[in-house]
Amino acid sequence: MFLRRSTVGREPLAVTMSGVRMGERALQIGVDDPVIVGALAAKTGLTGQATIVVTDQASAERARAGAADSGALVDLQIAPIETLPFDDGSYDVLVIHSVSGLLASAGAEARQRVFRECRRVLRPGGRTIVLESGTPTGLRALLGARKRDAQYEAAGGTVAALERAGFKAVRTLGDREGYRFIEGLKA
């Protein structure tokens, strides 16, 4: 299910809230909505670097379509997200697409490996943004929202998981139009 309808101006809300800027080295993990993946990749421009990591061929096709539609040049890799194939400090910003539960559905140990890998590939001062399912609005509120992992939420959810992985200044940036945006910095 795609959430591409959320926009601020002409840009998808997720792009605005992520703060990805031209010239940055941006890594995206997973794909929920190919339009958002493509828009984030295009945001880095020709002076930056856009990399997308997915775990399977079907997700790769969706990410490839989103990048093509936006005109973005991307390095797309199929790899396990617990062992990212990049050098330490390779990226300025990392976006994890977890609206469909990529993180919440993983076990606590696997989730911590993912967050440790995210921290490893970020430069000092780099940031991780997690896009996850937020408070439902519109028809989603009437028809029923995605189910959340109650045990994961009770343990502090993504905020607590990022803090356990060593991220600093972890905070929820917002919960708008069905998205929750969580940011953590690598000190």
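Higher on the page you've got the structure.
Residues numbered from 1 in each chain as written. Predicted model: local features only at pLDDT ≥ 70, side-chain atom pairs only at ≥ 80, totals over all residues. Heavy atoms only, no water.

**Q** Tell me about the packing of helix α2 (residues 34–43) against helix α3 (residues 57–70), and name the residues and values.
**A** For the pair α2 and α3, interaxial distance at closest approach is 7 Å and the crossing angle is 55°. In terms of orientation, α2 and α3 fall into the oblique class. Judged by the twist between their axes, the crossing of α2 over α3 is right-handed. Across the interface between the two elements, P34, V37, G38, A39 and A42 from α2 touch R62, A63, G66, A67 and S70 from α3. Here the contact of α2 with α3 is built from residues that sort into 6 nonpolar, 3 polar and 1 charged. (Axes fitted to C-alpha atoms, helices over the stretch in contact; angles between N-to-C directions. Helix = DSSP H or I, 4+ residues; strand = E, 2+ residues; numbered from the N terminus. Parallel < 35°, antiparallel > 145°, perpendicular 65-115°, else oblique. Left-handed = near helix turned anticlockwise from the far one by under 90°. Contact = heavy atoms within 4.5 Å. Nonpolar A, V, L, I, M, F, W, Y, C, P; charged D, E, K, R; others polar.)

**Q** I'd like to hear about the packing of helix α4 (residues 108–121) against helix α7 (residues 157–164), residue by residue, with values.
**A** Helix-helix packing is described using two parameters, namely the angle between the two axes and the distance between the axes. With their axes 9 Å apart at the nearest point, α4 and α7 run at an angle of 60° to one another. What the angle tells us is that α4 and α7 run oblique. Pair α4 / α7 crosses with right-handed handedness. Across the interface between the two elements, R111, Q112 and F115 of α4 pack against T158, A161, L162 and R164 of α7. Grouping the constituent residues of the contact of α4 with α7 by class yields 3 nonpolar, 2 polar and 2 charged.

**Q** Please provide a residue-by-residue account of the environment of R127, values included.
**A** Along the polypeptide, R127 turns up in strand β7 (residues 122–133). R127 sits in the buried class, given a relative accessible area of 9%. As for R127 and D92, which are separated by 35 residues in sequence, their C-alpha atoms are 6.7 Å apart. Once residues within four sequence positions are removed from consideration, R127 is found in contact with S18, G19, V20, R21, E24, D92, V93, L94, L122, E183, G184 and L185. Polar side-chain contacts of R127 include one of 2.7 Å to the backbone oxygen of G19. (Buried < 20%, exposed > 50% of the residue type's maximum accessible area, 1.4 Å probe, protein only. Polar contact = N/O pair within 3.5 Å; in protein donor to acceptor, adjacent residues only side chain to side chain.)

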